[in-house]
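# Observations on the model geometry
Here is what each chain is made of, one letter per residue.
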Amino acid sequence: MTQFFIYILGFIWVLFASQHASRFFQKVKLPLITGFLVAGMICGPYVLGFIPQDAVSDLLFVNDLALAFIALAAGNELFLKNIRTQIRSILWNVFGQLVVTFGFSALAVFLLADYIPFMSAMGVTSKVAVSILIATIFIARSPSSAIAVINEMRAKGPFTQISIGVTVIKDVLVILLFAICFSMARTLISGDEMDPLILLLLVAELFTAVFIGYGLARLIMLVFNTKLPVLVKRLIILALGYAVFFVSHQVAHFSTDWTATGFHYEPLLACIIASFYVTNYSRYRVEFQRFIERFGPGIYVAFFTLTGATLSIDVLRHVWLVALILFVVRLLSLVLGSVSGMTLAGDPPLFRKIGWMPFVTQAGVGLGLATEVALEFPEWGGEFSSIIIAVIVLNQFIGPPLFKWSLMKVGEAKLPAKSPEYDGQRDVFIFGPDIQGWALARQLSKHGWNAEVVGLTGKYEQAESSSILLHQLERFEYEYLESIQIEKADAIVLLLSDEENLKLCNMIFERVGTKEVIVRLNNHRLFDQFHSLGALIVEPATAMVSLLDQFVRSPVAASLLLGLEGEQHAMDIEVRDKDMHGVYIRDLRLPSDTIILSIKRRGDVLVPHGYTRLRVGDIVSIVGSNESRESVRLKFE
């Protein structure tokens, strides 16, 4: 147990490294999961050895935990009301992927059998058996990779809906297809006749997965219905998902000891069914969605980093040529299947050209199916598994960038815009010329900001004796925002209704890129959506209580921050002068009435001391007089 906990702590440490390393891949336009995989491979037993081979086997429960969550996330994406407009395209694409891709792959592998080492000496029936097994695994996609890329790109639209719909439905069906092909392969290789009991066992396994999925859905709904803290509810749901996998392994283990074939219900299928039911037939869809959004990032880091650590680099070195040939075969089959399905569905020409790209990546499902084959046929299963893993490795590295590029090509990626360059004047746009809006504009103007107020035509009037500019727009659309030069804003304040604020916040995030967006929030249920867009949120209902609390506990600090102590005011300044990079705070020649409160660096807030070094891009919070603050601003900027 001591060694086990050492492995757990070491793996957590590796996850922090993986999280930071993945940022480099973002800079070179590659998805985060590619970074996680590379970090896992580097930290794994075949390179640096930070995660030794013994640790990989001890950490396999992390894989089950992650797969349970990924299956729940996959089922959550199948919200019928959202995909009903694309259901025709989804179904035809599923047909194309299952029939055309499976048929082409099986035929191609059979024709190439003499060039695949372990298949060359087999008889015809055995070659057919192996071919249909490989073709089945080739159909398998990676819901985890698809969801991770979609979340990273904030993608939304018909192409995205088709991609995730086909991915999830196809993975459910591929599990069923594999069960059938697996039984056929055992019969063909052994030379026995097809036993009707095998088919009955298969049907029983499928019904068991459906039954367990329904039971899991009811348990999830029961947990949401309790008055437990939100975090406790989410941890219980995660534990329930893991329990489905744990019980599946135990049932398979004990049934294999007592029977010749064993009983294997598919835990992935059970979790997908549970998630689908909760999402579509319960009142907890929104709460379940928040659970997926909150736990997703951490789960994806753990899953893909561990996947990278488990990939056998030495195996890839020996079978790379065969793996490359099969990789090309799979790509061609995906292209044919996608073109066939999208043509039958009548999808746009652009979709037909790039519609195969979302389906390249493979991960957990494919690896799991390959492992099952290796265990069932030990004579050649090791070589089979090695080649399939090598193909999956190639798919893992090629697939995510292709999917990312396709989302950008169809215009459904909602990436943040580049932040505007500082032009020497601090500009703020205040949307909502009510009493608070005008008061805020006047206050900011006194502190040297160029404040401009924005409202709808005919709804607001210019404040009396106000020199502040009022923009009256017909609609809150981007072309109207461009006309008032919104791109020059250093800060934007949104004081409209929550719906208008959210629309503007999305537009600013995707088209403008202003870092500081402050939102007055009226309904807490939209908090997560604004937070995901990087907005600073002020809730009137709780802001007054928090302010009074600060005055009671630290009246001097609260007075300083609110500018109530004469000429002393707070101010945030970004370090832009390259000469300031690496300078110790103790070596700064700041005015005597100025103090540095904090430094925000890459999203983290630091409490500085004399030996803290400045970095270009740091946001430094200072308190001082007007003259002193301006002096510091000129020094840093």
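That block above? That's the structure.
Every value quoted in this text rests on a predicted model; they were computed, and no experiment measured them.

### Points about a nonpolar patch on the surface
Taken together, the side chains of W320, L321, L324, I325, V328 and L332 define a hydrophobic patch exposed on the protein surface, amounting to about 550 Å² of accessible area. For L332, a relative accessible area of 46% gives the class partly exposed.

### A word on the pattern of salt bridges
Under the counting rule described, the total for this entry stands at six salt bridges. A salt bridge links K127 to D114, with the nearest nitrogen and oxygen atoms 2.9 Å apart. Of the two residues, K127 sits in helix 7 (residues 124-139) while D114 sits in the loop between helix 6 (87-111) and helix 7, which places them 13 residues apart along the sequence. In this structure D114 comes out as exposed when scored by relative accessible area, which is 52%. Here E574 and R576 are joined by a salt bridge, their closest N and O atoms 3.1 Å apart. Since its relative accessible area comes to 17%, E574 is described here as buried.

### Focus on the nonpolar core
By size, the foremost hydrophobic cluster in this structure holds 94 residues, and its most contacted members are F69 and F291. Not counting residues within four places of it along the chain, the set of residues in contact with F291 comprises F69, L72, R234, I237 and L238. Of all hydrophobic cores here, the second largest spans 30 residues; its members include L133, I134, L369 and A390.

### Re the packing of helix 6 against helix 7
Viewed as axis vectors pointing N to C, helix 6 and helix 7 meet at an angle of 140 degrees, and their least axial separation amounts to 8 Å. When the axes of helix 6 and helix 7 are compared, the pair comes out oblique. Relative to helix 7, helix 6 is oriented so that their crossing is right-handed. Contacts between helix 6 and helix 7 pair Q97, L98, T101, F102, S105, A106, V109 and F110 from the former with V124, K127, V128, S131, I132, I134, A135, T136, F138 and I139 from the latter. Looking at side-chain class alone, the contact of helix 6 with helix 7 contains twelve nonpolar, five polar and one charged residues.

### Here's the deal with the pairing of strand 10 (residues 619-624)
Burial analysis of strand 10 places six of its six residues in the buried class, which makes it a mostly covered element. Alternating positions in strand 10 separate into two faces, I619, S621 and V623 on one and V620, I622 and G624 on the other, with burial throughout. Note that strand 7 (residues 569-574) and strand 10 share six bridges and pair antiparallel. Within strand 10, the residue paired with I573 across the bridge is V620. Two elements, strand 8 (residues 595-601) and strand 10, share five bridges in a ladder whose sense is antiparallel. Bridge pairing in strand 10 links S598 to S621.

### What to know about the packing of aromatic side chains
Considering all chains together, one arrives at 13 aromatic pairs under this definition. With centroids separated by 5.8 Å and ring planes inclined at 90 degrees, the aromatic side chains of W92 and F95 adopt a geometry described as edge-to-face. Linking W92 with F95, this pair stays in helix 6, spanning three residues, or about one helical turn. When its relative accessible area of 40% is taken as the criterion, F95 is described as partly exposed. Pairing Y214 with Y277 gives two aromatic rings, centres 5.4 Å apart and planes at 85 degrees, and the pair type is edge-to-face. Within this pair, whereas Y214 is found in helix 10 (residues 196-224), its partner Y277 is found in helix 12 (residues 267-281), the two being separated by 63 residues in sequence. Judged by relative accessible area, which is 22%, Y277 ranks as partly exposed. A connected cluster of aromatic rings, assembled from ring pairs, spans F69, F224, Y284, F288, F291 and F295.

### Section: the environment of S483
Along the chain, S483 falls in helix 19 (residues 478-483). A polar side-chain atom of S483 sits 2.4 Å from the main-chain carbonyl oxygen of Y480.

### Section: the environment of D577
Here D577 is to be found in the loop between strand 7 and strand 8. Taking relative accessible area as the criterion, D577 reaches 26% and is therefore assigned partly exposed. Ignoring any residue separated from it by four or fewer positions in sequence, one finds D577 in contact with V616, K635, F636 and E637.

### Here we look at the sheet that holds strand 4 (residues 491-494)
Across the sheet, six strands lie side by side as 3-2-1-4-5-6; this open sheet has parallel pairing. Looking at which strands have only one partner, the edges of the open sheet turn out to be strand 3 (469-473) and strand 6 (536-538). Taken over all neighbouring pairs, the strand axes of this sheet differ in orientation by 20 degrees on average, direction set aside. When strand 5 (residues 516-520) meets strand 6, the two strands line up parallel, connected through three bridges. For R520, the partnering residue across the bridge sits in strand 6 and is V538. Contacting strand 1 (427-431), strand 2 (450-456), strand 3, strand 4 and strand 5, helix 18 (residues 435-446) crosses the sheet at an angle of about 170 degrees to strand 1.

So, how was this worked out
Residue indices follow the written sequence of each chain, beginning from 1 at its first position. With the structure being a predicted model, the display of local features is reserved for residues of pLDDT at least 70 and the display and counting of side-chain atom pairs for 80 or more, all residues being used for whole-chain, interface and lining totals. In computing side-chain values, all of the structure's heavy atoms are included and hydrogens and water are not. Grouping into patches uses exposed residues only, defined as over 30% relative accessible area, and leaves out salt-bridged ones; the cut-off is 9 Å for like charges and 5 Å for nonpolar side chains (Val, Leu, Ile, Met, Phe, Trp, Tyr). For the area figures, the Shrake-Rupley method with a 1.4 Å probe applies, and any residue is considered shielded solely by the protein chains shown. Just to be clear on terms, a salt bridge is a Lys or Arg side-chain nitrogen sitting within 4 Å of an Asp or Glu carboxyl oxygen. Burial here depends on accessible area, computed with a 1.4 Å probe over protein chains only, as a share of the maximum for the residue type. Under 20% is buried, over 50% is exposed, and the range in between is partly exposed. Helix numbers and strand numbers start at the N terminus; a helix is a DSSP run of H or I with at least 4 residues, a strand a run of E with at least 2. Only buried residues count toward a nonpolar core. Its members are Ala, Val, Leu, Ile, Met, Phe, Trp, Tyr and Cys residues joined through side-chain atoms within 4.5 Å. When checking whether two residues touch, look at their non-hydrogen atoms; a contact exists if any pair is within 4.5 Å. Note on geometry: axes are lines fitted to C-alpha atoms, helical ones only across the stretch in contact, with angles between N-to-C directions running from 0 to 180 degrees. Angular relationships are summarised with four words: roughly parallel below 35 degrees, roughly antiparallel beyond 145, roughly perpendicular across 65 to 115, and oblique for the angles in between. If you view the pair so one helix is near and one far, a crossing is left-handed when the near helix is turned anticlockwise from the far one by less than a right angle, and right-handed when it is turned clockwise. Only Asp, Glu, Lys and Arg are considered charged, only Ala, Val, Leu, Ile, Met, Phe, Trp, Tyr, Cys and Pro nonpolar, and every remaining residue, Gly among them, polar. Any two strands are treated as partners once DSSP identifies two or more bridges connecting them. Between 30 and 60 degrees the pair is tilted, below 30 it is stacked and above 60 it is edge-to-face, where a pair is any two Phe, Tyr or Trp rings, Trp via its six-membered ring, whose centres lie within 6.5 Å. Residues adjacent in sequence count toward polar contacts only when both atoms are side-chain atoms; beyond that, a polar contact is any pair of N or O atoms within 3.5 Å, and within protein one must be able to donate a hydrogen and the other to accept it.

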